[in-house]
Amino acid sequence: MHEMSYLMRMISMAAEVAEKNGAKKVTKIVVDVGKTSGVMPYYMYKYYPEASKGTVLEGAELECLEIPVKAFCEECNKEYYPVRENRYLCPHCGGRKARIIEGRDVALRNVVIED
Ligand SMILES: [Zn+2]
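Given the structure is predicted, the values throughout are model-derived calculations rather than measurements. (Residues numbered from 1 in each chain as written. Predicted model: local features only at pLDDT ≥ 70, side-chain atom pairs only at ≥ 80, totals over all residues. Heavy atoms only, no water.)

Draft legend 1. Seen up close, the side chain of S37. Residue position: S37 is located in the loop between strand 1 (25–34) and helix 2 (41–52). When its relative accessible area of 12% is taken as the criterion, S37 is described as buried. Of the polar contacts made by the side chain of S37, one reaches the backbone oxygen of G34; its length is 2.7 Å. There is a polar contact of 3.2 Å between the side chain of S37 and the backbone nitrogen of V39. Setting aside chain neighbours within four positions, we find S37 in contact with G103, R104, D105 and V106. (Helix = DSSP H or I, 4+ residues; strand = E, 2+ residues; numbered from the N terminus. Buried < 20%, exposed > 50% of the residue type's maximum accessible area, 1.4 Å probe, protein only. Polar contact = N/O pair within 3.5 Å; in protein donor to acceptor, adjacent residues only side chain to side chain. Contact = heavy atoms within 4.5 Å.)

Structure representation (structure tokens):
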């Protein structure tokens, strides 16, 4: 399951931030989880205690923020949030030539540290 590998990556990134700041402890990390990333926050929460065990993040809180999908229409150059009811088309011009610019990735948004 890829949640575990994403978790390991987020944890090592957060540990690096903590180290750079000379922090002894991390109290919380906030992770952006894109709606189309294929990652389920449920599993992130489930595997987090095991993934963080023995690291500087052990005992720190995890918060996952679900990031909605945002698209950029290449026909009218506007950004929009695709919805199923509109068949994911651009609401400004009805165009279908769009690319996803947000909501695809899993990223570390914030690390709360204690020094
Ligand atoms: Zn458009």
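Draft legend 2. Region of interest: the sheet that holds strand 5 (residues 98–102). The sheet built from 3 strands is open, its strands ordered 4-3-5 with antiparallel pairing. Every interior strand has two partners, whereas the edge strands, strand 4 (79–80) and strand 5, have only one. Two elements, strand 3 (residues 70–73) and strand 4, share 2 bridges in a ladder whose sense is antiparallel. The residue bridging A71 from the neighbouring strand is Y80, located in strand 4. (Pairing = 2+ DSSP bridges.)

Draft legend 3. Examining the layout of surface pockets more closely. Taken as a whole, the largest pocket holds about 170 Å³ of empty space. Forming the boundary of the largest pocket are V69, A71, Y80, P82, R84, Y88, L89, R96, A98, R99 and I100. Along the lines of polarity and charge, the residues of the lining of the largest pocket split into 8 nonpolar, no polar and 3 charged. (1 Å grid on protein atoms, 1.4 Å probe; cavity = no way out; pocket = protein on both sides within 12 Å on 5 of 7 lines; lining within 4 Å. Points joined across faces, edges and corners; volume = space filled by probe spheres on them. Nonpolar A, V, L, I, M, F, W, Y, C, P; charged D, E, K, R; others polar.)

Draft legend 4. Summary view of the environment of S5. Following the sequence through the fold, S5 ends up in helix 1 (residues 2–20). Taking C-alpha positions, S5 is 9.1 Å from A51, a pair spaced 46 residues apart along the chain. A distance of 3.0 Å separates a polar side-chain atom of S5 from the backbone oxygen of H2.

Draft legend 5. Up close: the nonpolar core. Within the largest apolar cluster, 23 residues are counted, with the highest numbers of intra-cluster contacts made by I29, V31, M44, Y48 and L62. For this core, the secondary structure elements donating two or more residues are helix 1, strand 1, helix 2, strand 2 (61–67) and strand 6 (106–114). Residue contributions to this core peak at 6 residues, all from helix 1. Here M44 is in contact with E3, L7, V31, V39, L62, C64 and V106, once residues within four sequence places are set aside. (Core = buried A, V, L, I, M, F, W, Y, C linked by side-chain atoms within 4.5 Å.)

Everything listed here is a matter of geometry and, on its own, says nothing about what the molecule does.
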